[in-house]
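So you can see what is in the structure, the chains are spelled out below.
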Amino acid sequence: MVSKRFVAKRLLLLVPVLFGVSTLVFAILHLSPGDPAVAIAGQRASQAFIEQVRSDLGLADPLWQQYVRFLGDVVTFDFGQSYQIQRGTPVSSILAQRLPITIELAVLGQIAGLVFGLPLGILSAVKQDTVTDHLTRIGALSGISIPIYWSGPLLILLFAQFLGLLPTSGRIGSEYFLEPITGLILVDTLLTWEFDAFVSAATHLLLPVVVLGIYQMALISRMMRSSMIEVLRQDYMRTARAKGQGAKITVMKHGLRNAFIPVITIVGIQFGTLLGGAVLTETVFEINGIGTLLVDAINRSDYPVVQATVLVFAVLYTLVNLVVDLTYSVLDPRIEQ
Amino acid sequence: MSTETATGSTDVERSLLERLRASPFLSQLLANRLAVVGLSIIGFVAILAIYARLTYDLEGLMATQYGVNPAETPPNAEYWFGTDGQARNIFPRVIYGAWYAMLYGTVTVLASTVLGISFGILAAYYGDLADNVIMRTMDVLLSFPSLLLALALVTIFPEELGLWRAVAALTLVYTPRFARVVRGAALKVLEDEYIEATRALGATDPRLLVRHVLPNCLAPITVQSTLNFGLAIIDIAALSFLGFGASPGEPTWGMMLSNGVEFGLFSGIWWWSFFPGFVLALTVLGFNLLGDGMRDALDPRMRETVD
């Protein structure tokens, strides 16, 4: 088991990281040339009105006051109201509405990547330097070379335009109206027992998940392969085989368990790539997650939304890596030192 | 003074060349068929890029061509990759995109490598406060998903910079990776006894860093740079695709893909997205093949399995 001290120490280490992250986000927005007061008041507003807006927003205060206030906002997770995208709506409620959409997509993409990537990586390692291995490796290398904004359009063209099998964009057919409960569309449609709506949502999600999954699959199978090769070469593997244990059982029992440890780290490290991929996937498939929200907010100088979204992404990323570290130490207690 | 530094640098070059020839690295790399394929792809794209830069006139590629060419033509014998919504021939535009990718990719990778090397070596050498300040800053940069950090950073730079905005943002995003690799390698080198000996012989700090620490970090840096090159091309195009980078009409792969998705996808015009994306993916594959081959050639454990 993980010791409480280790968990406490890791949690404590989060504080300076989050402080640094918040400071960077504050700095980025105050360095950008756009003027939010002008953006809100409109280009043709009088100078007096622009100044009025500026002081209403607190943007006329000295920088250190704005900074302290921002840190307070971060701690209470209150970023005020959106300037542009949904003017007057609290940023936290916009995020609450959009975040589950991205999380659903990212989690499904990650699962797809693991389900296909892990077996491929193991197969490649066990059959090292055979034709199977070479084909899998070339496939995986091609997978990480193909950007999501190319594989996405190609699959839409093939399955939606030419074959007409799947919908092209959005999250659910326009005939369904769904009151969000959890915000996860597959869960919500099941909770309300609307099976047709569930099928519609699932067919809408299929292509985005495949696109995101292919990339993750390629990454995971590569990592799994090298980690498995390392394990297969260990002495205990030879010992197990010498005892007369079958090859398959040895790989499954001793090999997998030890090869999984690095894979968990990989899931953590690649979580950033997954989130970046989700942003691109949302753009290609016109899904209203926080990825498209961020792009919109940057384009329209909606500062509070940009700040909150970037912070949410960084916090998610940091937390996932914390969980990964803790899981890691459960699997291999030596790591705690 | 100047002659001294000049001979100094040729010494470094000569010893590097000798080391390369003596080490099994180059022969390992060339024996790796996939790495050679990667190298050939990169060479081919580089030639395309230079050819496009020298033959095509950029203004002509950007201007609309109504009346000159038919608009929205599928690929045929005359227009190999078809024409776009503004009747522009897509083939020369895709080829010119190679110039953009190679140029901006090289600058991004070079800039982040140089910055990363400097920060990494400074952190390792001076330790204490310098190490803490530098590496904690790098940690903060590494706490963001890379594409999202790049998106946020792009906004700092004025829009007139166009694609250079993307280059600047991605340079900042990639620098910490190099700094970490270099710092680790440099710390290992600095522990060696010969560093102590060199210092006892009167070597100055800068000399020590340039002649002894830097050459010993080169191998991991080269692999990291090569693998990062592919990533840089993907990310630069991704930023253009999301609307931050190239200006409309510029023949970059990211911009062409963005237009293809926005205007061509739902009318089934596949050639607007297919060709730029294909050449982009091929180029990135080239860098990944080469980077993989280099890593295998450098990692002795991998070498065992090849034998």
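None of these values were measured; they are calculated from a predicted model.

About the thresholds
Residues numbered from 1 in each chain as written. Chains lettered and ligands numbered in written order. Predicted model: local features only at pLDDT ≥ 70, side-chain atom pairs only at ≥ 80, totals over all residues. Heavy atoms only, no water. Helix = DSSP H or I, 4+ residues; strand = E, 2+ residues; numbered from the N terminus. Buried < 20%, exposed > 50% of the residue type's maximum accessible area, 1.4 Å probe, protein only. Contact = heavy atoms within 4.5 Å. Areas by Shrake-Rupley, 256 points an atom, 1.4 Å probe, with all protein chains shown as cover. Lys, Arg positive; Asp, Glu negative; His and termini not counted. Charge placed at Lys NZ, Arg CZ, Asp CG, Glu CD. Core = buried A, V, L, I, M, F, W, Y, C linked by side-chain atoms within 4.5 Å. Expected span 1.5 Å × (residues − 1). Bend = angle between axes of the 7 residues up to and from the residue. Buried area = accessible area lost by both parts, 1.4 Å probe. Salt bridge = Lys/Arg side-chain N within 4 Å of Asp/Glu carboxyl O. Polar contact = N/O pair within 3.5 Å; in protein donor to acceptor, adjacent residues only side chain to side chain. Phe/Tyr/Trp six-rings, centres within 6.5 Å; stacked < 30°, edge-to-face > 60°. Patch = residues over 30% accessible without salt bridge, like charges linked within 9 Å, V, L, I, M, F, W, Y side chains within 5 Å. 1 Å grid on protein atoms, 1.4 Å probe; cavity = no way out; pocket = protein on both sides within 12 Å on 5 of 7 lines; lining within 4 Å. Points joined across faces, edges and corners; volume = space filled by probe spheres on them. Nonpolar A, V, L, I, M, F, W, Y, C, P; charged D, E, K, R; others polar. pLDDT = per-residue confidence, 0-100.

A.B. asks: For the overall build of chain A, give the residues involved together with the corresponding values.
C.D. replies: Tallying secondary structure elements over chain A gives 14 helices and zero strands in all. When the elements of chain A are put in sequence order from the N terminus, they spell out α-α-α-α-α-α-α-α-α-α-α-α-α-α. Along the first, second and third principal axes, the C-alpha set of chain A runs to 85 × 55 × 40 Å. Each of the 337 residues in chain A was classed as buried or not, and the buried ones make up 46%. Of all intrachain contacts in chain A linking residues separated by at least 6 positions in sequence, the fraction that spans at least 24 positions is 70%. Accessible surface for chain A amounts to roughly 16400 Å². Of this, 65% is attributable to carbon and sulfur atoms. Computed over 23 positive and 23 negative side-chain charges, the inter-centroid distance for chain A is 15 Å.

A.B. asks: Tell me about the overall build of chain B, residues and numbers included.
C.D. replies: For chain B, the helix and strand inventory stands at 13 helices and zero strands. Ordered by position from N to C terminus, the α and β elements of chain B give α-α-α-α-α-α-α-α-α-α-α-α-α. Among the 307 residues that make up chain B, the fraction classed as buried is 51%. Carbon together with sulfur atoms contributes 64% to the accessible area of chain B, which is approximately 14300 Å² in total.

A.B. asks: Give me the lowdown on the nonpolar core, citing residues and values where you can.
C.D. replies: Counting 162 residues, the largest nonpolar core has A:Y149, B:F144, B:L151, B:W253 and B:L280 as its most contacted members. Residue contributions to this core peak at 15 residues, all from helix α10 (residues 205–241) of chain B. Once residues lying within four places of it in the same chain are set aside, the contact partners of B:W253 are B:V94, B:G97, B:A98, B:A101, B:I233, B:P276, B:V279, B:L280 and B:T283. Among the nonpolar cores identified, the runner-up in size contains 14 residues, and A:L118, A:M228, A:V251 and A:A259 belong to it.

A.B. asks: Provide a residue-level description of helix α8 (residues 163–191) of chain B, including the pertinent values.
C.D. replies: Here α8(B) spans 42 Å end to end across 29 residues, near enough to the 42 Å set by a 1.5 Å rise per residue. B:Y174 marks where α8(B) bends most, by close to 30°; the proline B:P176 follows one to four residues later.

A.B. asks: Run through the interface of chain B and chain A, naming residues and quoting values.
C.D. replies: Contacts between the two partners involve 47 residues from chain B and, on the opposite side, 51 residues from chain A. With both chains or domains summed, chain B and chain A bury close to 4200 Å², and 75% of this area falls on carbon and sulfur atoms. At the junction of chain B and chain A, the tally comes to one salt bridge. A salt bridge links A:R222 to B:D292, with the nearest nitrogen and oxygen atoms 3.0 Å apart. At the junction of chain B and chain A, the tally comes to seven residue pairs in polar contact (both at pLDDT 80 or more).

A.B. asks: So, unusual backbone geometry: which residues are in play, and what are the values?
C.D. replies: Unusually for a residue other than glycine, A:E286 sits at a positive phi of about 50°. Assessed through its relative accessible area of 46%, A:E286 is described here as partly exposed. With a phi close to 40°, B:D128 is a non-glycine residue in the positive phi region. Relative to the helices and strands, B:D128 resides in helix α6 (residues 128–142).

A.B. asks: Pulling in residues and values, what's your account of the pattern of salt bridges?
C.D. replies: Throughout the structure, instances matching the rule amount to 11 salt bridges over all chains. The partner of A:E51 in a salt bridge is A:R54, and the shortest N-O contact between them spans 3.4 Å. With A:E51 and A:R54 both in helix α3 (residues 47–57) and three residues apart, the pair spans about one turn of that helix. The partly exposed category is assigned to A:E51, whose relative accessible area is 36%. Salt-bridge contacts for B:R295 lead to B:D292; the nearest nitrogen and oxygen are separated by 3.0 Å. Of this pair, B:R295 and B:D292 both sit in helix α12 (residues 271–298), three residues apart, which is roughly one turn of that helix. Taking relative accessible area as the criterion, B:R295 reaches 37% and is therefore assigned partly exposed.

A.B. asks: Hey, could you go over the packing of aromatic side chains for me, with residue numbers and the actual values?
C.D. replies: All chains considered together, the criterion is met by 21 aromatic pairs over all chains. Judged by centre distance (6.3 Å) and plane angle (55°), the rings of A:F70 and A:F79 are tilted. Between the aromatic rings of B:W270 and B:F274, the centroid separation amounts to 6.0 Å while the plane-to-plane angle is 70°, which identifies the pairing as edge-to-face. Looking at B:W270, the relative accessible area reads 32%, which means it is partly exposed.

A.B. asks: Give a detailed account of a negative patch on the surface, specifying residues and quantitative values.
C.D. replies: Among the surface-exposed residues, B:E191, B:D192, B:E193 and B:E196 lie close enough to one another that they form a single negatively charged patch. Here B:E191 is to be found in helix α8.

A.B. asks: Break down a nonpolar patch on the surface for me, with residues and values.
C.D. replies: Together, A:I103, A:V107, A:I111, A:V115 and A:F116 make up a nonpolar patch on the protein surface, roughly 430 Å² of accessible area in all. Here A:I103 is to be found in helix α5 (residues 91–126).

A.B. asks: Give me the lowdown on the side chain of A:T318, citing residues and values where you can.
C.D. replies: For A:T318, the position within the fold is in helix α14 (residues 303–331). Polar contacts involving the side chain of A:T318 include one to the main-chain carbonyl oxygen of A:A314, which spans 2.6 Å.

A.B. asks: Go over empty space enclosed by the protein, please, and point to the residues and values.
C.D. replies: In this structure the tally under the stated criterion is two cavities of 30 Å³ or more. In this structure, the largest cavity spans a volume of roughly 110 Å³. Along the wall of the largest cavity there are 13 residues; nearest its centre are B:A101, B:I236, B:A237, B:T252 and B:W253. Taken together, the residues of the lining of the largest cavity sort by class into nine nonpolar, four polar and no charged. Approximately 70 Å³ is the volume found for the second largest cavity. Every residue along the wall of the second largest cavity is listed here: A:I101, A:E104, A:L105, A:G170, A:R171, A:I185, A:H204, A:L205 and A:I287. For the lining of the second largest cavity, the secondary structure elements donating two or more residues are α5 and α9 (195–232) of chain A.

A.B. asks: Tell me about the environment of A:F6, and name the residues and values.
C.D. replies: All names here are of chain A. Mapped onto the elements of the fold, F6 is located in helix α1 (residues 4–31). According to the relative accessible area criterion, F6 is buried, its value standing at 10%. With 323 residues separating them along the chain, F6 and S329 place their C-alpha atoms 9.3 Å apart.

A.B. asks: Mind laying out the environment of A:Q43, listing which residues take part and the relevant values?
C.D. replies: Residues and elements named next belong to chain A. Note that Q43 resides in the loop between α2 (36–41) and α3. For Q43, a relative accessible area of 71% corresponds to the exposed category. Between the alpha carbons of Q43 and V324 there is a distance of 48 Å; along the sequence they are 281 residues apart.

A.B. asks: Kindly report on the confidence of the model for chain B, identifying the contributing residues and their values.
C.D. replies: Residues and elements named next belong to chain B. When the pLDDT values of chain B are averaged, the result is 84; 89% of them are 70 or greater. Predicted confidence is poor over residues 1–9, with pLDDT under 50, and the contacts of this stretch with residues over four places away or in other chains come to zero contacts. Per the prediction output, this complex has pTM 0.87; the corresponding ipTM is 0.87.

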